[in-house]
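Single-letter residue listing:
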Amino acid sequence: MVPFAGWEMPVQYADMGVLQSHHHVRESAGLFDVSHMLQTKITGSDHLAFLSRVLVADLSSVPSDRAQLSLITNDRGGIIDDCVVQRRDDHVYLVSNAGTRDKDLAHLHTQLEIFRKEGGDVALEVMEGESLLALQGPKSAQALATLITAPSSPDFLASIPFMAAADVDVAGVPVRLTRCGYTGEDGFEISLPHSEAPRIAELLLSSLGGSVVKLAGLGPRDSLRLEAGLCLYGHDVDEDVSPVEAGLAWTISKKRRAEGGFLGAETILDQIKSGPTRKRVGLIVDGAPAREGAQILSLSGEKLGKVTSGAPSPSLKKNVAMGYVPAGQSKLGTELQVEVRGKKYNAKVVKMPFVPARYYKPN
Amino acid sequence: MTNLLCPPSTYPHHSVPLARRYTKEHEWVSVDGAVGTVGISDYAQQALGDVVFVELPEVGKEVEKGSQVAAVESVKAASDIYAPVTGKVVEANEELAKNPTWINESPYEKGWICKIQLSNPAEFETLLNEESYKVHVEESAH
């Protein structure tokens, strides 16, 4: 167990090491208790107008029951947090990081007050009573399907694509299901009352004979998301990194690029036009695994930037890392060096995700 | 060398592992003559998880007791390995670099990291013996 954002979190569970657990998620399914994450509900007749100010997302063009990755930006064009935001009929459901809980809420409340003073109707509610379970891996749908009591259609889950959501009953409990995750695999995040979470977790673990779904901790969560090329807030992105530098400009739609209107839009839209000076890249590192903080150098030894996350990739059996380098050195195939414990190792800029994503698309 | 756990006089030297001594940082060293073989303990390998990379010291490197001599990496983390004794590295386990999981599978035998020619053999006696190390591990687990 390790302290994490004020919670005691397991790095791994007793039955499996990080490596085994990682492979189990890629091959079967893992269940992560991510109840520490901040779940909020934004309501009110002007909630979309409010969110268009604090998020880069174009929610007015998103249908109900669809989710997307988005960013909460500051007025300098930096990233206050990354989040998964989803439209519901009369409100928006937002899941953001646990480590940024206090500053996210402080920022949102400040913006809320400004918006209300301007006459806007919006409210924010932290979903304190809700746990969040992330079921991830190619056998997730199969395992979950055994527990869905409503709707009764046996292939209901087959109609839910990646980043879509639905209200379903799992073992008689109404839950909010979103087909998303942080591993690059097919999977679901299940928002449900605390009081029912342990029972539903047990049922998932014992589904399909009991060896298909296994508990997974922070260790595999980190190695899986790294292989999937997904950013870890506070490491790969933070308040001094723009969405463009982070390679996340794809979260900003054409309409939002044309209209702006979100915090930091000027800086961000300017960077989209003229190009950022530095970029987040994926690296494959020879020899020693490069971890956060490792120096990235050119072949001639010039300091270029730092690794922001890195680890040996269990799936590729190579050392993978991400970090920031000047835009001129960010092209795929660029040969670089990374320094680990005073020794320089060869590194190469490669495409992310390192391991291809296997998100679900209905036929 | 005094060896309270398995006195050489009562056991044939070749069939019984030499007594190990430990650091609080979970390295072990066993001494044969003036050469100490160094590795990490079973407790350490378990805590670290599956080892995927071992950085060996250069043969000939002079190390101080407590200075970094090697590094071991698992998926989870990188761990510096500190020299349990002062001396000169006379051998590094090159086979281990090719088979890092030996640290997990055989921490006291195939998983040895390097051999150090002791420049101050008395240091060995100041390290934790099997029993004190066991107590130390139990205490750190709480």
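Residues numbered from 1 in each chain as written. Chains lettered and ligands numbered in written order. Predicted model: local features only at pLDDT ≥ 70, side-chain atom pairs only at ≥ 80, totals over all residues. Heavy atoms only, no water.

- In the annotation of an unreviewed UniProt entry, chain B is listed under the name Glycine cleavage system H protein and assigned to Gonapodya prolifera.
- Taken directly from UniProt, the Sequence similarities (unreviewed entry) text for chain B runs: "Belongs to the GcvH family."
- Its UniProt record gives chain B the following Function (unreviewed entry) comment, quoted word for word: "The H protein shuttles the methylamine group of glycine from the P protein to the T protein." (UniProt positions renumbered as here; feature names shortened; annotations may be inferred.)

- Where an unreviewed UniProt entry is consulted, chain A appears under the name Aminomethyltransferase, with the organism given as Gonapodya prolifera.
- Heading Sequence similarities (unreviewed entry) of the UniProt record for chain A holds this comment: "Belongs to the GcvT family."
- Annotation of chain A in UniProt includes, under Subcellular location (unreviewed entry), the sentence "Mitochondrion".

1. Things to note about the overall build of chain A
Stage number 1. When you go through chain A residue by residue, the secondary structure sums to eight helices and 20 strands.
Stage number 2. Since a compact globule built from 363 residues should have a radius of gyration of about 21 Å, the 21 Å found for chain A is in line with a globular shape.
Stage number 3. With the C-alpha coordinates of chain A rotated into their principal frame, the extents come out at 65 × 55 × 40 Å.
Stage number 4. The buried share of chain A, taken over its 363 residues, is 55%.
Stage number 5. A total accessible area of about 15200 Å² is found for chain A, and carbon and sulfur atoms account for 52% of it.
Stage number 6. Taking the average place of the 39 positive charges on the side chains of chain A and the average place of its 43 negative ones, the gap between the two points comes to 7 Å. (Helix = DSSP H or I, 4+ residues; strand = E, 2+ residues; numbered from the N terminus. Rg over C-alpha atoms; globule rule 2.2 N^0.38 Å. Buried < 20%, exposed > 50% of the residue type's maximum accessible area, 1.4 Å probe, protein only. Areas by Shrake-Rupley, 256 points an atom, 1.4 Å probe, with all protein chains shown as cover. Lys, Arg positive; Asp, Glu negative; His and termini not counted. Charge placed at Lys NZ, Arg CZ, Asp CG, Glu CD.)

2. Focus: the overall build of chain B
Stage number 1. Tallying secondary structure elements over chain B gives five helices and nine strands in all.
Stage number 2. Across the 142 residues in chain B, those meeting the buried criterion constitute 46%.
Stage number 3. Put simply, of all contacts in chain B between residues at least 6 apart along the chain, 60% involve residues at least 24 apart.
Stage number 4. Entry remark: accessible area of chain B is about 7200 Å², with carbon and sulfur atoms responsible for 51%. (Contact = heavy atoms within 4.5 Å.)

3. Here we look at the interface of chain A and chain B
Stage number 1. On the chain B side, the residues contacting the 18 residues of chain A number 14 residues.
Stage number 2. Between chain A and chain B, the buried area comes to about 1200 Å², and carbon and sulfur atoms account for 55% of it.
Stage number 3. Summed over the three residues of chain A that lose the most area to chain B, namely L19, R291 and R341 of chain A, the buried surface amounts to 48% of that side.
Stage number 4. Linking chain A with chain B are three salt bridges.
Stage number 5. One salt bridge in this structure joins R341 of chain A and E55 of chain B, with 3.2 Å as the shortest N-O distance. (Buried area = accessible area lost by both parts, 1.4 Å probe. Salt bridge = Lys/Arg side-chain N within 4 Å of Asp/Glu carboxyl O.)

4. Side note on the pattern of salt bridges
Stage number 1. By the definition in use, this model includes 22 salt bridges over all chains.
Stage number 2. Within this structure, R26, E185, E227 and R358 of chain A form a network of salt bridges that share partners.

5. Focus: the UniProt feature "domain: Aminomethyltransferase C-terminal" (unreviewed entry) in chain A
Stage number 1. Residues annotated in UniProt with the feature "domain: Aminomethyltransferase C-terminal" (unreviewed entry) correspond here to residues 278–355 of chain A.
Stage number 2. Helix and strand shares over residues 278–355 of chain A are 0% and 58% respectively, and the end C-alpha atoms of the span are 24 Å apart.

6. Overview of the UniProt feature "modified residue: N6-lipoyllysine" (unreviewed entry) in chain B
Stage number 1. The UniProt entry lists K76 of chain B under the feature "modified residue: N6-lipoyllysine" (unreviewed entry), expressed in the numbering used here.
Stage number 2. Within the structure, the side chain of K76 of chain B is placed 3.0 Å from the side chain of Q12 of chain A, a separation counted as a polar contact. (Polar contact = N/O pair within 3.5 Å; in protein donor to acceptor, adjacent residues only side chain to side chain.)

7. Focus: the UniProt feature "domain: GCVT N-terminal" (unreviewed entry) in chain A
Stage number 1. The UniProt record marks residues 1–255 of chain A with the feature "domain: GCVT N-terminal" (unreviewed entry), using the residue numbering of this structure.
Stage number 2. Taken end to end, residues 1–255 of chain A has its terminal C-alpha atoms 45 Å apart, with 25% of it in helix and 29% in strand.

8. A word on the sheet that holds strand β10 (residues 148–150) of chain A
Residue and element names in this part refer to chain A.
Stage number 1. With mixed pairing, seven strands are arranged side by side in an open sheet as β10-β11-β12-β13-β9-β3-β14. Both edges of this open sheet fall to β10 and β14 (213–215), since each of them pairs with a single strand only. Between one strand axis and the next, the sheet turns by 35° as a mean value, whatever way the strands run.
Stage number 2. Note: strand β12 (residues 173–178) against strand β13 (residues 187–193), three bridges, orientation antiparallel. Looking at β13, one finds that L177 is bridged to I190.
Stage number 3. Strands β3 (29–33), β9 (130–136) and β14 of the sheet are contacted by helix α1 (residues 18–27), whose axis makes an angle of about 115° with β3.
Stage number 4. Lying on the sheet, helix α5 (residues 197–206) is in contact with β3, β9, β11 (165–170), β12, β13 and β14; it crosses β9 at an angle near 15°. (Pairing = 2+ DSSP bridges. Axes fitted to C-alpha atoms, helices over the stretch in contact; angles between N-to-C directions.)

9. Examining the packing of aromatic side chains
Stage number 1. Applying the stated rule across the entire model yields four aromatic pairs over all chains.
Stage number 2. On the numbers, 4.1 Å between centres and 5° between planes, the contact of Y22 of chain B with Y133 of chain B is stacked. With Y22 of chain B in strand β1 (residues 20–22) and Y133 of chain B in helix α5 (residues 130–140), this residue pair connects regions lying 111 residues apart in the sequence.
Stage number 3. One residue, R221 of chain A, lies across the ring of F32 of chain A, its end atom 5.9 Å from the ring centre.
Stage number 4. The positively charged end of R20 of chain B is found above the aromatic ring belonging to Y108 of chain B, 3.6 Å away from the centroid. (Phe/Tyr/Trp six-rings, centres within 6.5 Å; stacked < 30°, edge-to-face > 60°. Lys NZ or Arg CZ within 6 Å of the ring centre and 35° of its normal.)

10. Quick look at the confidence of the model for chain B
Residue and element names in this part refer to chain B.
Stage number 1. With 87% of its residues at a pLDDT of 70 or more, chain B shows a mean pLDDT of 88.
Stage number 2. pLDDT under 50 marks residues 1–16. Its contacts with residues more than four places away, or in other chains, come to 14 contacts.
Stage number 3. In the predicted complex, the global pTM is 0.91; the interface-specific ipTM is 0.75. (pLDDT = per-residue confidence, 0-100.)

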